[in-house]
Amino acid sequence: MHLHRYEKIWLTFGIGSLLVFLIVLGVGAFYQGTQPPSCLVTLDPENVQAHESFKDENLGVQQIGENEYVVNILASAFNYNFGKDEAGVPVRKIRIPKGANVIFQATTTDVVHGFQIAGTNVNMMLEPGYISDYETTLNNVGEFTIVCNEYCGVGHHMMTAVLEVYEP
Ligand code: CUA
């Protein structure tokens, strides 16, 4: 079979590009752990507390194993609900030990909100009716600002909280 020289160049270029894309995709998925957005679990946005994770007593930081934590967050305009402390005061600052495995699980009771922890790679969009989750390990000690990065109304710029990562 005779292939024209230009045809050979195009074929080489085409197959080469395909390989490059597959390698980039493979490295991203299997080596760097890039995953598609979560949001696969649904719940009733009108009654989020019917879901075990978002009952009052389960909000905020929950230790689920030796060095494993789950943080359940209910977002609403213009607040992140992490539950209440022993004195009944709403928690404004969550604390996680350095190096622990943490799963952030969040949803919203009204409109779309964001949940980004500045300075980390935690960044989720929270949509009514869906649970967004993100599993990570926080290796830098310090205080991090949690911000809403989806415009949600007049109080959007005030929708913040604090995460403290402490030396265990
Ligand atoms: Cu919530 Cu912006």
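Cut-offs used in this document
- Here the residue numbering is sequential within each chain, running from 1 through the sequence in written order.
- Per-residue local features of the predicted model are confined to residues with pLDDT of at least 70, and side-chain atom pairs are confined, for both listing and counting, to 80 or more; whole-chain, interface and lining totals are unaffected and use all residues.
- Only heavy atoms go into the side-chain values, all of them from the structure, while hydrogens and water stay out.
- Helix numbers and strand numbers start at the N terminus; a helix is a DSSP run of H or I with at least 4 residues, a strand a run of E with at least 2.
- Buried residues of nine kinds, namely Ala, Val, Leu, Ile, Met, Phe, Trp, Tyr and Cys, make up a nonpolar core once their side-chain atoms join them within 4.5 Å.
- Burial classes follow relative accessibility: with a 1.4 Å probe on protein chains only, a residue under 20% of its type's maximum area counts as buried, one over 50% as exposed, and anything between as partly exposed.
- The term salt bridge refers to a side-chain nitrogen of Lys or Arg lying within 4 Å of a carboxyl oxygen of Asp or Glu.

(A) A look at the environment of Asn-47. You can see Asn-47 is positioned in the loop between β1 (41-42) and β2 (60-65). On a C-alpha basis, the gap between Asn-47 and Gly-26 in space is 40 Å, while along the polypeptide they are 21 residues apart.

(B) Expanded view of the nonpolar core. With 26 residues, the main nonpolar core has Tyr-80, Phe-82, Phe-104, Phe-115, Ile-146 and Leu-163 as its most contacted residues. By size, the runner-up hydrophobic cluster in this structure holds 6 residues, among which are Phe-54, Leu-59, Leu-74 and Ile-131.

(C) Geometry of the pattern of salt bridges. Under the criterion given, the structure shown has 4 salt bridges. Measuring nitrogen to oxygen at the nearest pair gives 3.4 Å for the salt bridge that ties Lys-93 to Glu-164. Pair noted here: Lys-93 is in strand β5 (residues 93-97) and Glu-164 is in strand β11 (residues 160-166), with a separation of 71 residues, a long-range link. For Lys-93, a relative accessible area of 36% gives the class partly exposed. The closest approach of N and O atoms between Arg-95 and Glu-164, which form a salt bridge, is 3.1 Å. One end of the pair, Arg-95, is in strand β5; the other, Glu-164, is in strand β11, and 69 residues separate them in sequence. The partly exposed category is assigned to Arg-95, whose relative accessible area is 41%. For Glu-164, a relative accessible area of 18% gives the class buried. Taken together, the shared-partner salt bridges connect Lys-93, Arg-95, Glu-143 and Glu-164 into one network.

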